[in-house]
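Spelled out from the first residue to the last, the chains are:
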Amino acid sequence: MTPFDIALTLIIAAGAGSGLVFIEVLIQWSLRKARPSPPPRPQAAIPPAAEPAEALPAQYVAPPLAVREPVRIGLGLRKTRENFLARIRAALTGSAKIDDIYEGLEEALIAADVGVEASMKIASAVRAKLGNDNRPDAIRDALKAEIATILMSAERRPADSGDAPLVIMLVGVNGVGKTTTVAKLAARLKTERGSVIVAAADTFRAAAIEQLEVWCDRAGADIIKQSQGSDPAAVAFDAVKAAIARKTRTVLIDTAGRLQTKVNLMEELKKIARVVARELPGAPHETWLVLDANTGQNALSQAAIFGDAVPLTGVVLAKLDSTAKGGVVVAVADRLKIPVRFVGLGEAIEDLREFDAREFVDALFASDGAGEQSASGSYAA
Ligand SMILES: Nc1nc2c(ncn2[C@@H]2O[C@H](COP(=O)(O)OP(=O)(O)O)[C@@H](O)[C@H]2O)c(=O)[nH]1
Ligand SMILES: [Mg+2]
């Protein structure tokens, strides 16, 4: 190769090289144009993009009242039923020995929070009725009848206040669902009986009074309130006085439930009852203990504490929808001998159902989903 050839080769190579570099640059450039640019790295201090401002209402607007049918007891009892029936089924199919069957039944009842005493009583009553008959259907039917008998034995006619306003006071420990129940009752009794006044007699927290105001607004009930920290008995007194003057049909008294200050609380409740009776003899016509269905057997000691202060005429079992231990209804009826008036089956204003022993037992024993249908069918909403 002559020096000229070498020089020529070098020039060609350099030219090709730079040509290649040029082509590479071109390719890179066009590729970058085609690729979407990578998303900007999120900045830690800036929260994720918010909804457009116009999508948010300027003010929270409560959904309209009664947008749907009241919940059915079968639906509310789903958790209790599933748990209870599975155990009953296991007891009835697991063993041919009669002792084992009844032991299994007792366990199923206790697990549903019927209480040891009532569970043993029910199981032995069924056994006394059936003897050695171990047909599952017969046992199931007898069990159902026995539970219904206990529930019905506690039933009582509701109080009648004549032409005067019917005064109902709700008591119970904090958080069981008193205020929610007052609101649900206000909406319901407004439709059934006419005008309602609610007394905001839980004056401990300002938020409690505000909560009740919102509910009353939605329920279409009047509210009598005073400022935070005022005397609850004075609020109740004002409410009854206003109800008499306005010829209001029903007064609902919401009360505080701080059990930490047990002595004070009980004195406060007694005073409310006393003061109300002074204004309207016979009032409060009903005093209902609100129980959280999740509480289980502790419900009975709550009943004892409140029952010592004010004579209880009924129970409202709230939050039955959120427990598998709805059998506490049976324990309450058996031990306290006071009727369950209503059950709470959810957080919405319509989620309150008048308690009906037969409907309850039917729903409890309804197999897989049938409870919802039979309950809705047998009970006008
Ligand atoms: N799931 C369910 N929650 C309920 C029911 N009743 C009340 N609650 C809830 O229980 C909580 C306490 O209720 P509240 O009425 O303020 O209790 P209070 O302290 O006794 O007045 C609230 O979050 C309610 O929404 C019910 O029947 N079912
Ligand atoms: Mg409350």
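Everything numeric in this text was worked out from a predicted model, so none of it was measured.

Calculation criteria
Residues numbered from 1 in each chain as written. Chains lettered and ligands numbered in written order. Predicted model: local features only at pLDDT ≥ 70, side-chain atom pairs only at ≥ 80, totals over all residues. Helix = DSSP H or I, 4+ residues; strand = E, 2+ residues; numbered from the N terminus. Buried ≥ 20, exposed ≤ 12 C-beta atoms within 10 Å, placed from the backbone. Contact = placed C-beta atoms within 7 Å. Pairing = 2+ DSSP bridges. Axes fitted to C-alpha atoms, helices over the stretch in contact; angles between N-to-C directions. Near = placed C-beta within 6 Å. Nonpolar A, V, L, I, M, F, W, Y, C, P; charged D, E, K, R; others polar. Core = buried A, V, L, I, M, F, W, Y, C linked by C-beta atoms within 7 Å. Parallel < 35°, antiparallel > 145°, perpendicular 65-115°, else oblique. Left-handed = near helix turned anticlockwise from the far one by under 90°. pLDDT = per-residue confidence, 0-100.

Visitor: So what exactly am I meant to see when it comes to the overall build of the chain here?
Guide: Each helix and strand in the chain was counted, giving 14 helices and eight strands. Relative to its full complement of 381 residues, the chain shows a buried share of 41%. In the chain, the proportion of contacts linking residues at least 24 apart, taken out of those at least 6 apart, comes to 75%.

Visitor: Please clarify how the sheet that holds strand E8 (residues 352–354) should be interpreted in this entry.
Guide: In a beta sheet, neighbouring strands pair by backbone hydrogen bonds and run either parallel or antiparallel. Read across the open sheet, the eight strands follow the order E3-E2-E4-E1-E5-E6-E7-E8; overall the sheet is mixed. Two strands close off the open sheet at either side, each with one partner strand: strand E3 (222–224) and E8. For this sheet, the mean angle separating the axes of adjacent strands, direction not counted, is 25°. Helix H9 (residues 232–246) rests against strand E1 (166–171), strand E2 (196–201), E3 and strand E4 (250–255) of the sheet, and its axis sits at about 170° to E2.

Visitor: Would you mind showing me how to read the site of ligand 1 here?
Guide: Close to ligand 1 lie 18 residues, the nearest being Gly177, Lys178, Thr179, Thr180 and Gly344. With three residues, the top contributor of residues to the shell around ligand 1 is helix H7 (residues 178–193). Split by residue class, the shell around ligand 1 holds three nonpolar, ten polar and five charged.

Visitor: Can you help me understand the nonpolar core in this one?
Guide: Counting residues in hydrophobic clusters, the biggest one holds 101 residues, and the most contacted among them are Ala186, Val198, Ala199, Ala236 and Ile253. Top element by residues in this core is H9. It accounts for seven residues. Excluding anything up to four places from it in sequence, Ala199 contacts Ile224, Val235, Ala236, Ala239, Val251, Ile253 and Asp254.

Visitor: Looking at this model, I keep getting lost on the packing of helix H5 (residues 116–130) against helix H6 (residues 136–153). Mind explaining?
Guide: When two helices pack together, their arrangement is captured by the angle between the axes and the distance separating the axes. Where H5 contacts H6, the two axes come as close as 9 Å, and the packing angle between them is 130°. In this view, H5 runs oblique relative to H6, as classed from their interaxial angle. With respect to the hand of their crossing, H5 and H6 are arranged in right-handed fashion. Contact residues: Ala118, Ile122, Ala125, Val126, Lys129 and Leu130 in H5; Ala138, Ile139, Ala142, Leu143, Glu146, Ile147 and Ile150 in H6. For the contact of H5 with H6, the class distribution of residues is eleven nonpolar, no polar and two charged.

Visitor: Sorry if this is basic, but what is going on with the confidence of the model for the chain here?
Guide: Any region with low pLDDT has predicted coordinates that should not be read closely. When the pLDDT values of the chain are averaged, the result is 81; 78% of them are 70 or greater. Per-residue pLDDT stays below 50 along residues 18–23; that stretch engages in zero contacts with residues further than four places along the chain or on separate chains. Low confidence marks residues 369–381, where pLDDT is under 50. Its contacts with residues over four positions away, or in another chain, come to 25 contacts.

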